[in-house]
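So the chains spell out like this:
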Amino acid sequence: MPGLKERILHAHGGQRWSQATEVLASCSVGGIELLSRFQLNALRSVDVHLQLAQGRLSLGAYPQPGQTAVFTGAEVWIEDKQRRRLSQRALDPSRTVRPWPLWDQLDVLAFVGTWLWQALQSPFLLAAAEVECHELGAVMVGAERWQRLRVRFPPGLPVLAAEQLIYADATGLVRRVDYTPLHYGPWMRAAQCLDGHESFGGFIFPTRRVVYPCLVGGHLARLTPLSWLTLDDISVIRGQAA
């Protein structure tokens, strides 16, 4: 019987991911994580483009028309139509977002870029040889039995956290991811709940993600969601088969 990692990969598109080169989508992001940093204008229907081989993610017409915001994991910048950099910042790989109460546009880009960078290629990342995966015992969530996979990503990947706990349902679809957000530090545990799974050309993506504080015992503080992300119009570009 295939292991949990293989079942997760199969449920989200399987071997198609080996040919994927780019992911395009429309995204919206909001929540108190942005509001509490005095960022009142959440992202609404922003076009996002992820180049998988280069690890480059860009947001079109953001933060305003005629500009493009770019995230690479190592740095973020905003450029104009002539690709002249209007502002830029190198990122601290241990934290990504600066520990300041007041965010600017580059902080928002680092926060959103990290989330989207992982969200748009999570199954692709699990297939990497350097990623360590360990199956844990199953748990009951309501009337469902969810399997758990502890994942450790290698240094250098701009993911939400180096170690994450993935919950998958009986079909292999990822339904929840627990982690310690880099921009909070070791005292904060969060759980990202995924739903609205849809097929886009045979690639399966959750279209809604909500992050909650994770309490002792894995319970969620559902009355205080931290942030949310929705994806629409997803398209995966595939190269030639090897």
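Criteria and thresholds
Residues numbered from 1 in each chain as written. Predicted model: local features only at pLDDT ≥ 70, side-chain atom pairs only at ≥ 80, totals over all residues. Heavy atoms only, no water. Helix = DSSP H or I, 4+ residues; strand = E, 2+ residues; numbered from the N terminus. Buried < 20%, exposed > 50% of the residue type's maximum accessible area, 1.4 Å probe, protein only. Contact = heavy atoms within 4.5 Å. Areas by Shrake-Rupley, 256 points an atom, 1.4 Å probe, with all protein chains shown as cover. Lys, Arg positive; Asp, Glu negative; His and termini not counted. Charge placed at Lys NZ, Arg CZ, Asp CG, Glu CD. Arc of directions from axis to C-beta. Salt bridge = Lys/Arg side-chain N within 4 Å of Asp/Glu carboxyl O. Patch = residues over 30% accessible without salt bridge, like charges linked within 9 Å, V, L, I, M, F, W, Y side chains within 5 Å.

A. The overall build of the protein chain, seen in detail. What the protein chain contains, in helices and strands, is 4 helices and 13 strands. Counting only C-alpha atoms, the protein chain reaches 55 × 45 × 30 Å along its principal axes. Residue burial in the protein chain is summarised as follows: out of 242 residues, 48% are buried. For the protein chain, restricting intrachain contacts to residue pairs at least 6 apart in sequence, the fraction spanning at least 24 positions comes to 46%. As presented, the protein chain carries roughly 12,100 Å² of accessible surface, and 54% of it is formed by carbon and sulfur atoms. When the 24 basic and 21 acidic side-chain charges of the protein chain are each reduced to a single mean position, those positions are 2 Å apart.

B. Local environment of helix H1 (residues 4-11). Inspection of H1 places Leu4, Ile8, Leu9 and Ala11 among the buried residues, and these make up the whole buried set. The buried residues of H1 all sit within an arc of 165 degrees when viewed along its axis, so they share a single face. Buried residues along H1 sit in contact with helix H4 (122-126), strand E7 (132-141), strand E8 (144-152), strand E9 (163-168), strand E10 (174-179) and strand E12 (203-213).

C. Representation of the pattern of salt bridges within the structure. Counted according to the given criterion, the structure contains 11 salt bridges. Here Arg89 and Asp107 are joined by a salt bridge, their closest N and O atoms 3.3 Å apart. You can see Arg89 sitting in strand E6 (residues 85-90) and its partner Asp107 sitting in helix H3 (residues 105-119), a full 18 residues away along the chain. Judged by relative accessible area, which is 2%, Asp107 ranks as buried.

D. Quick look at a negative patch on the surface. Together, Asp47, Glu198, Asp232 and Asp233 make up a negatively charged patch on the protein surface. With relative accessibility at 40%, the residue Glu198 sits in the partly exposed group.

E. Spatial organisation of a nonpolar patch on the surface. A surface patch of nonpolar side chains, amounting to about 310 Å² of accessible area, comprises Ile32, Leu35 and Leu40. Counting through the fold element by element, Leu40 comes out in the loop between helix H2 (32-35) and strand E2 (43-51). With relative accessibility at 67%, the residue Leu40 sits in the exposed group.

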